[in-house]
Structures are given as structure tokens and as C-alpha cells.
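# Structural overview
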Amino acid sequence: MTKIIDEILTEDGLKADQSSGRILLLACGALAREILALKEANGWDHMVLTCLPAIYHIRPEKIPEAVREVVIREKDNYQKIFVVYADCGTSGILQATCEELGVEMIAGPHCYSFYEGNDRFDQIKDDEFTSFYLTDFLVRQFDAFVWKPMGLDRHPELRDMIFGNYEKLIYQAQTEDPALLEKAKECANRLGLAFEHRFTGYGDLATSLKTVATN
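Tracing the chain through its elements places Thr135 in the loop between β5 (131-134) and α7 (136-140). Not counting the four nearest positions on each side in its chain, Thr135 is found in contact with Cys111, Tyr112, Tyr115, Tyr171, Gln172 and Gln174.

In C-alpha cells form, the structure reads like this:
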């Protein structure tokens, strides 16, 4: 698998490793490792991955226009472009943008849903509205995506005000990694939340990419 660094994925994203091909996957940088793992495991060599900066996870207003720029720039270089973002806090704007551009995107409100499986998440979401979710990537980048953006590195006393309505942290694990599991427990402890470990694997991300790869 291509060697990638989380800090680069966070700030810069990932450039495509070839300038043309059959299918371009335009994804969030937070999904890069998982998509590359699926590509390698399934031999999807006809799929090329490029990622926008993962930090857009906390700046979702940037996503639709950034997707538009890439699609317009690359549409003549690939037979198909598939956007590997769910709605991700864009309030339907990303979906409207993709429809306008004539490209498809992954279904679901956010990555926590499609990792869980959208149907399953829809069944449990009302029982988990006091839960805070982390994925493998967000556990690794907890400080960059949670602790520092919320100002807790400067004002840790704000923790209970910010997270007072949450009850537990759910770690949706894509991989079985003991070190990540321990770090996720540490994240829960830092936030003062109960902890639940839930192995989701790749969920609907895998099935969605399989559909794109074979159609």
C-alpha cells in the first residue's frame, strides 16, 4: 500500500498517483487508508484515488466547492468520477452539487453512518444521540480534530461544558489494532465519557466501492 502520513492527509489531502484512468475516487483524506486497503485487497487497479484535506471534516462548508473544482478539472481525464463523501455536514449542498455535475456520491449522512452500515445506523441513531464517535483516523488525529479545534488544549476547563450532554464515546474500529484501541480508551477518558469499542470494519464503504468498481 502507498505509504501515507496522517498529518499530510489532514492538511493537504492526497494527490492521485496517475493523471488519467477509468475511475477517479474523490474522497475525504480521513478515508484514504481504508480506500487504499480496499483497492489493494480487491485488485481494483482501475480505480485512482485522490483526497481533499481531511481537516474539511470540521469545515464542511468547504467541501462542495472543493469537490466542484476537482470534478471540473478532472472530468475529461477519467471515464467516471465517484465522490467518496457522505453529506458530511453540508446540509444537502454536496448532494445538489454532485447532481449538478452529474457524478455520484456515497449514500449516508456521514462516515459514522456508512461505517456502521446506513440501515443499521438509521435503526440505532435515536438511541445514540448522546454518543460521540471516533474512527481509526480520528483516534490517530484526536488532538488535531477534537482537542485543539475545541480549544481544550488552552482551556481544558471547558471540557464538561462542551461534552456535558454526551454520555459515551463509541470507537468505530475499521481495523483490529490494540494500540489504537488503547488510544481510543484514552480519548474517552480525556473527554470524561464512558467507552464502547465497536468493530465495524469498512461497512458500506466496502460495498459501495465494490459496486462502483464492477459497474
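Still to come is the rest of the account.
What follows is about the pairing of strand β6 (residues 168-173). Counting buried positions along β6 gives five out of six residues, so the element sits mostly inside the fold. By the bridge criterion, four bridges tie β5 to β6 in an arrangement that is parallel. Within β6, the position partnered with Ser131 by the bridge is Lys168. For the crossover that starts at β6, traverses helix α10 (residues 178-191) and ends in the parallel strand β7 (residues 194-199), the hand is right-handed.

Take the sheet that holds strand β4 (residues 104-105) next. The sheet built from four strands is open, its strands ordered β2-β1-β3-β4 with parallel pairing. Each edge of the open sheet is held by one strand with a lone partner, namely β2 (47-52) and β4. Both strand β1 (residues 21-28) and strand β3 (residues 78-84) contribute to a ladder of six bridges, which runs parallel. Across the sheet, Ile23 pairs through a bridge with Lys80, a residue of β3. In the packing of helix α2 (residues 32-42) onto the sheet, contacts are made with β1, β2 and β3, and the angle to β2 comes to roughly 175°.

So, about the pattern of salt bridges. The final tally for this structure, using the stated rule, is 15 salt bridges. Here Asp6 makes a salt bridge to Arg33, at a shortest N to O gap of 3.0 Å. Here the residue Asp6 occupies a position in helix α1 (residues 6-11), and Arg33 occupies one in helix α2, the gap between them amounting to 27 residues. As a salt-bridge pair, Asp153 and Arg154 come within 3.4 Å of each other at their nearest N and O atoms.

So, about α10. Here α10 contains 14 residues, and its C-alpha end-to-end distance of 20 Å stays within 8% of the 20 Å for a straight helix at 1.5 Å per residue. Those residues of α10 hidden inside the fold are in contact with β5, α7, α8 (142-147), α9 (159-163), β6 and β7. Its side-chain oxygen at 2.9 Å from the backbone nitrogen of Ala179, Asp177 defines the N-terminal cap of α10. Within two residues after α10, Gly192 carries a phi angle of roughly 70°, on the positive side.

What counts and how
Residues numbered from 1 in each chain as written. Predicted model: local features only at pLDDT ≥ 70, side-chain atom pairs only at ≥ 80, totals over all residues. Heavy atoms only, no water. Helix = DSSP H or I, 4+ residues; strand = E, 2+ residues; numbered from the N terminus. Contact = heavy atoms within 4.5 Å. Buried < 20%, exposed > 50% of the residue type's maximum accessible area, 1.4 Å probe, protein only. Pairing = 2+ DSSP bridges. Right-handed = clockwise from strand over helix to strand, strands pointing away. Axes fitted to C-alpha atoms, helices over the stretch in contact; angles between N-to-C directions. Salt bridge = Lys/Arg side-chain N within 4 Å of Asp/Glu carboxyl O. Expected span 1.5 Å × (residues − 1). Polar contact = N/O pair within 3.5 Å; in protein donor to acceptor, adjacent residues only side chain to side chain.

Interpretation note: all reported values are geometric properties and have no functional meaning in isolation.
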